[in-house]
Number of protein chains: 2
Amino acid sequence: MSDPYARLSLNTMTTKSWTLREAVEATAAAGLPAIGLWRDRVAEAGVDDAAKIVRDHGLRVSSLCRGGFLTGLHDGDTALADNRRAIDEAATLGAPELIMVAGGVPDRDLPGARARLADRIAELVPYAAQRDVRLALEPLHPMFCADRAVISTLGQALELAAPHPAESVGVVVDTFHIWWDPELAQRVADAGAAGRISSYQICDWLVPMAADPLVSRGMMGDGVIDFGAITAMVAAAGYAGDVEVEIFNEAVWATEGHTVLETMKSRYRDMVLPAL
Amino acid sequence: MSDPYARLSLNTMTTKSWTLREAVEATAAAGLPAIGLWRDRVAEAGVDDAAKIVRDHGLRVSSLCRGGFLTGLHDGDTALADNRRAIDEAATLGAPELIMVAGGVPDRDLPGARARLADRIAELVPYAAQRDVRLALEPLHPMFCADRAVISTLGQALELAAPHPAESVGVVVDTFHIWWDPELAQRVADAGAAGRISSYQICDWLVPMAADPLVSRGMMGDGVIDFGAITAMVAAAGYAGDVEVEIFNEAVWATEGHTVLETMKSRYRDMVLPAL
């Protein structure tokens, strides 16, 4: 029988209190093959040491979170420099995908913010391509459009990616951000047909939402998302990469990490794997 | 010089503490020609009395809020009966548009909820048409998809409306719900070309959001929405109806109503009217 967890990845944000080493050790001990890293945990360990820790435990890095925040009016050069550093880190870590969170609307000019984003992505593409890192454009839920990401749909992410090679710019399918989209099935298929699905991230949409929407992401099965249906779309689109569990949630963060990992494995096996 | 407020309407939710009579009197005294009514305030006054109060003050009813909540698994007949009552009330009040909030996802089956919604709208259309009331489908912000409205975009609302005559089913353009949509300009144009813009409702998107997203709607100018740009789209689409200010916001509700009305008038004159 094949390994049910052969594509399951723990995003370090899900077990937020753990250091990078703790997260890597627990992920390997739990029999998972991959881990998604956030830059803050990588920075604490140091990039080279982080890469060695991951390598020594035989894990893949499914993605590095995150670059982006490219919509500012006056800090463009600073943002580009930071994104180049993020690309370097991804290359050192062997992370094939750098998750890009676009950035919000600094004034009231949403089209202007989107135009700056497109220009700055174009500036980063050659740098990323030289290092074999793909920029993974992540549509965030529209409730984050003002302060965090002016990319709100998969269709829009694909349009932004279109001018660039599929090996250099992809899109992220994150259930929390896109489950509501009436065009979801078509856009996931489009993303697959274009060879641009960089990452499949999962977590649930809780009802009611948490007071801070950022931490309203729930464990699969605790909310309203149909993981079977969305996973089937992603599978039909030809995605063969890792499935990363990324949960921002105070209650999950207050739970002992190994317990979180076990819950995540069983929910994945029951709700996601059958459709994969 | 023409009257700057000739198309401005107060939605009773904006001055929540007022009775219907208080809202009508203040609206008329402020020189506005129209009012948008919620059914709770109408019920308190009684429908016939409410209609007489509005008529006696020479106001138009720009819309009645709200019908809908048509996605339930087991309460379909009850919901349809309530919607027929809402249509009757709109007819009695002389409200040409009944705002329809779709309803959420009662289980995990979003396509199922949308299918029930489409079926039940089809059932209501003849009843509404006989009474000269248009069903105004309102896309709500995607953050309300789970618990309140499975219509999340203007494009989706237009698709739902398409099988029915434009005189019977329209769509609502509410800045709070749709400002983030990357397809906004095209969809507003589509809605206008189809003769389906039922209502233009305005309020701002605040940053940060309120802990309860329902009451995170702000006075125009207090958030990130470009009212000039969106109003210009609506005007270019040929919309010639009222502009209704509908704000759910604890601070606005705590402010004396006449002060709210004056602020609303001056913000409208400065930020909306020039593009209308």
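Quick caveat: nothing in here was measured; it's all calculated off a predicted structure. (Residues numbered from 1 in each chain as written. Chains lettered and ligands numbered in written order. Predicted model: local features only at pLDDT ≥ 70, side-chain atom pairs only at ≥ 80, totals over all residues. Heavy atoms only, no water.)

What follows concerns the overall build of chain A. Summing up its helical and strand segments, chain A has eleven helices and ten strands in all. For 276 residues, the compact-globule estimate of 2.2 N^0.38 gives 19 Å, and chain A sits close to it at 17 Å. With the C-alpha coordinates aligned to their principal axes, the bounding extent of chain A is approximately 50 × 40 × 35 Å. By the burial criterion, 59% of the 276 residues in chain A qualify as buried. Within chain A, contacts between residues at least 6 apart in sequence are counted, and of these 81% link residues at least 24 apart. Split by element, the accessible area of chain A, about 10000 Å² in all, is 52% carbon and sulfur. Each charge class in chain A was averaged separately, 24 positive and 38 negative side chains, and the resulting centres sit 2 Å apart. (Helix = DSSP H or I, 4+ residues; strand = E, 2+ residues; numbered from the N terminus. Rg over C-alpha atoms; globule rule 2.2 N^0.38 Å. Buried < 20%, exposed > 50% of the residue type's maximum accessible area, 1.4 Å probe, protein only. Contact = heavy atoms within 4.5 Å. Areas by Shrake-Rupley, 256 points an atom, 1.4 Å probe, with all protein chains shown as cover. Lys, Arg positive; Asp, Glu negative; His and termini not counted. Charge placed at Lys NZ, Arg CZ, Asp CG, Glu CD.)

A word on the interface of chain B and chain A. Frequently, the measure chosen for interface size is the accessible area removed from exposure when the parts meet. With 31 residues of chain B at the contact, the number on the chain A side is 31 residues. Summed over both partners, the interface of chain B with chain A comes to about 2300 Å²; 66% of that surface belongs to carbon and sulfur atoms. When residues of chain B are sorted by the area they lose upon contact with chain A, Arg108, Trp179 and Trp180 of chain B head the list and together hold 26% of the total. Across the contact surface, chain B and chain A share zero salt bridges. Our count for the contact surface shared by chain B and chain A stands at eight residue pairs in polar contact (both at pLDDT 80 or more). When the residues that make up the side of chain B that touches chain A are grouped by side-chain class, the tally is 18 nonpolar, six polar and seven charged. (Buried area = accessible area lost by both parts, 1.4 Å probe. Salt bridge = Lys/Arg side-chain N within 4 Å of Asp/Glu carboxyl O. Polar contact = N/O pair within 3.5 Å; in protein donor to acceptor, adjacent residues only side chain to side chain. Nonpolar A, V, L, I, M, F, W, Y, C, P; charged D, E, K, R; others polar.)

Quick look at the sheet that holds strand S7 (residues 197–202) of chain A now. Residues and elements named next belong to chain A. Around the barrel, which closes on itself, the eight strands sit in the order S1-S2-S3-S4-S5-S6-S7-S10 with parallel pairing between neighbours. Neighbouring strand axes in the sheet, compared pairwise and without regard to direction, differ in orientation by 30 degrees on average. Direction of pairing for strand S1 (residues 8–11) relative to strand S2 (residues 34–38): parallel, over a ladder of three bridges. By the bridge assignment, Leu10 is partnered in S2 with Ile35. The sheet contacts of helix H9 (residues 227–236) involve strand S6 (169–174) and S7, and relative to S7 the element is tilted by about 170 degrees. Across the face of the sheet, helix H11 (residues 257–272) comes into contact with S1, S7 and strand S10 (243–245) while running at roughly 140 degrees to S1. (Pairing = 2+ DSSP bridges. Axes fitted to C-alpha atoms, helices over the stretch in contact; angles between N-to-C directions.)

With that settled, consider the packing of helix H8 (residues 184–193) of chain A against H9 of chain A. Residues and elements named next belong to chain A. Closest axis-to-axis distance for the H8/H9 pair is 8 Å, and the angle between their directions is 30 degrees. By the angle between their directions, the pair H8 and H9 is classed as roughly parallel. At the point where H8 passes H9, the crossing takes the right-handed sense. Contacts between H8 and H9 involve Leu184, Ala185 and Val188 on the former and, on the latter, Ile230, Met233 and Val234. (Parallel < 35°, antiparallel > 145°, perpendicular 65-115°, else oblique. Left-handed = near helix turned anticlockwise from the far one by under 90°.)

The next subject is the relation of the copies chain B and chain A. In the superposition of chain B on chain A (RMSD 0.0 Å, axial shift 0.0 Å), the rotation amounts to 180 degrees. A rotation of that kind, with that shift, is consistent with a two-fold axis. In terms of C-alpha distance to the rotation axis, chain B has Ala211 of chain B as its closest residue, with the C-alpha 2.2 Å off the axis. Most of the interface of chain B is mirrored in chain A: 100% of its interface residues are interface residues there too. (Least-squares fit on C-alpha atoms with pLDDT ≥ 70 in both.)

Another point: the nonpolar core. The biggest cluster of nonpolar side chains holds 182 residues, and the ones touching the most others in it are Trp179 and Trp205 of chain A together with Trp179 and Trp205 of chain B. Contact partners of Trp205 of chain B, with chain neighbours within four places excluded, come to Met143 and Ala146 of chain A together with His141, Met143, Phe176, Trp179, Gly223, Val224 and Ile225 of chain B. (Core = buried A, V, L, I, M, F, W, Y, C linked by side-chain atoms within 4.5 Å.)

For the rest of this paragraph, the subject is the pattern of salt bridges. Residue and element names in this part refer to chain A. Applying the stated criterion to the full structure yields 32 salt bridges over all chains. As a salt-bridge pair, Arg187 and Asp190 come within 2.6 Å of each other at their nearest N and O atoms. Taken as a pair, Arg187 and Asp190 lie in helix H8 at a separation of three residues, close to a single helical turn. Under the relative-accessibility criterion, Arg187 is labelled partly exposed at 21%.

Moving on: the sheet that holds strand S3 (residues 60–68) of chain B. Residue and element names in this part refer to chain B. Pairing is parallel in the closed barrel, where eight strands are placed in the order S1-S2-S3-S4-S5-S6-S7-S10. Adjacent strand axes in the sheet meet at a mean angle of 30 degrees when their direction is disregarded. Its contacts with the sheet place helix H6 (residues 154–161) against strand S5 (134–138) and strand S6 (169–174), and it is angled at close to 170 degrees to S6.

With that settled, consider the UniProt feature "domain: Xylose isomerase-like TIM barrel" (unreviewed entry) in chain A. On the UniProt side, "domain: Xylose isomerase-like TIM barrel" (unreviewed entry) is annotated at positions that read residues 25–260 of chain A here. From the first C-alpha to the last, residues 25–260 of chain A spans 14 Å; its make-up is 43% helix and 18% strand. (UniProt positions renumbered as here; feature names shortened; annotations may be inferred.)

What follows concerns the confidence of the model for chain A. Looking at chain A as a whole, the pLDDT averages 97, with 100% of positions reaching at least 70. Reported for the predicted complex are a pTM of 0.97 and an ipTM of 0.96. (pLDDT = per-residue confidence, 0-100.)

Okay, the pairing of strand S7 (residues 197–202) of chain B next. All names here are of chain B. Most of S7 sits out of view: six of its six residues are buried. Summarising the sheet, S6 and S7 pair through four bridges and their orientation is parallel. By the bridge assignment, Val171 is partnered in S7 with Ile197. Two strands pair when backbone bridges link them, and S7 and strand S10 (residues 243–245) are joined in this way by three bridges, in the parallel orientation. When the bridges of S10 are listed, Gln201 appears paired with Glu244.

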